[in-house]
Amino acid sequence: MPSAAGGGGIRVGILEFDGEGNPPFGRPVGEGLHGRLFVDLSALAPGSLITPSDRFYIRTRQPESLPGEAAWAISIRGSGGREDTLSVAELFRMARPAGVHLLECAGNGPHRRFGLMSAASWGGVPLAELLCRVDAPDDGLVRVTGYDPGIGSGPRSRHTASWIFARHELEAAGGFLATEMNGAPLSADHGRPVRLLVPGWYGCVCIKWVFDIAVVPADAKATDQMREFAGRTQQPGRPVQAREFVAARQDLAALPVRVEQWRVGKRTEFQVTGIAWGGNKTTDSLQIRFGRESGFVPVEHHDHTMNATWTLWSHTWKPEFAGRTTIRLRAGDPSILARRMNAGYYDRTVIVPDLT
Ligand SMILES: Nc1nc2c(c(=O)[nH]1)N[C@H]1C(S)=C(S)[C@@H](COP(=O)(O)O)O[C@H]1N2
Ligand SMILES: [Mo]
């Protein structure tokens, strides 16, 4: 990726993003539902666009007690009482490469320096293949359920998590049961032995520790997990029924991850590096703005070749003023859906030093 270095400059330092949280990076913290692992996105470079499994973000660590893998079965229940059961061993035998996909928590944000986002190379079994084994109507609803550390104890406690999908949307997205991440079985915190992955959708739908897949009636109520994430997945109003939920797809988004200060001859300039992800079509015109008062200009270097995972972009910035500056991106093509980005959700602020 071209940089100010191309002109024979010297990297002087980094401008930190202002007003954000300071989470511990790179190691799991906390337990159960509150367990997290945050990723340091500032280190992203062309050679690190696949997140190593032990540094892939975690939102919810493994439940305290899970069945042993030999006893673990996934039941698949169709509409006409048809049922099938798969052992983990069978599922592992059916698994094949599923490509590189990015996952982002819908609750990702500046308080955690946007560290709930990662990309991996996955392996698993398409859900379409499993649903064929039972009677599952094309226009029906399918619920995927997993174990969960859950909340509370006693009779009213809940120790599962589930999401309900329109079957045709789940299959159109290429939803699959993932058994492998980066060429090895999933780690316990990432859902071992099996989790759901729905390419292009938010992480909250990607249920971990899956044990049940069932066709549910058209009037099924939204699950607790769906209600919890309704706002963050841009649901209209507060839907009560699962069928009222719209697909929790991720729009196109772009985020600066690093602002380097360079000295090039007598001048100071800043090299802004960022990522773009989400959406379902590529764009050759990503635009950037430094402060509300300035207009958007095309990002200098961005090779947007795919939507399945993040791509890097970079831009040279020669600020005219010192002080607080908020960086925002947008798609040059206004027909591309980018609701969170356009609402300022991925804005980041730096404080430009006085350069005189
Ligand atoms: N069983 C279960 N699955 C779950 C969750 C959960 O709390 N319980 N959290 C979801 C959310 S909100 C996200 S963002 C992703 C995170 O997956 P990861 O921890 O492997 O990164 O898992 C999803 N699957
Ligand atoms: Mo999430």
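From a predicted model like this one, the values you see are computed outputs, not experimental measurements.

A. The arrangement of the packing of aromatic side chains in detail. This model, assessed by the stated rule, comprises eleven aromatic pairs. Taken together, the ring pairs in this structure connect Phe-114, Trp-277, Tyr-345 and Tyr-346 into an aromatic cluster. One Lys or Arg, Arg-340, reaches over the ring of Tyr-345 and ends 3.8 Å from the middle of that ring. Taking NZ or CZ as reference, Arg-348 lies 3.9 Å from the ring centre of Phe-17, over its face.

B. Fine view of the side chain of Thr-273. Relative to the helices and strands, Thr-273 resides in strand β15 (residues 267–277). Ignoring sequence-local partners within four residues, the contact set of Thr-273 consists of Pro-256, Val-257, Arg-258, Leu-312, Trp-313 and Ser-314.

C. Quick look at the site of ligand 1. Taken together, 20 residues sit near ligand 1, with Tyr-57, Thr-60, Asp-148, Arg-195 and Lys-208 positioned nearest. Between Arg-59 and ligand 1, the recorded distance is 2.9 Å, taken from a backbone N or O atom to an oxygen atom. Take Tyr-147: an N or O atom from its main chain is 2.8 Å from a nitrogen atom of ligand 1. Within the complex, the protein chains bury 100% of what would otherwise be the 530 Å² of accessible surface of ligand 1. Residue classes in the shell around ligand 1 are distributed as twelve nonpolar, four polar and four charged.

Reading the values: the criteria
Residues numbered from 1 in each chain as written. Chains lettered and ligands numbered in written order. Predicted model: local features only at pLDDT ≥ 70, side-chain atom pairs only at ≥ 80, totals over all residues. Heavy atoms only, no water. Phe/Tyr/Trp six-rings, centres within 6.5 Å; stacked < 30°, edge-to-face > 60°. Lys NZ or Arg CZ within 6 Å of the ring centre and 35° of its normal. Helix = DSSP H or I, 4+ residues; strand = E, 2+ residues; numbered from the N terminus. Contact = heavy atoms within 4.5 Å. Near = heavy atom within 4 Å. Polar contact = N/O pair within 3.5 Å; in protein donor to acceptor, adjacent residues only side chain to side chain. Areas by Shrake-Rupley, 256 points an atom, 1.4 Å probe, with all protein chains shown as cover. Nonpolar A, V, L, I, M, F, W, Y, C, P; charged D, E, K, R; others polar.

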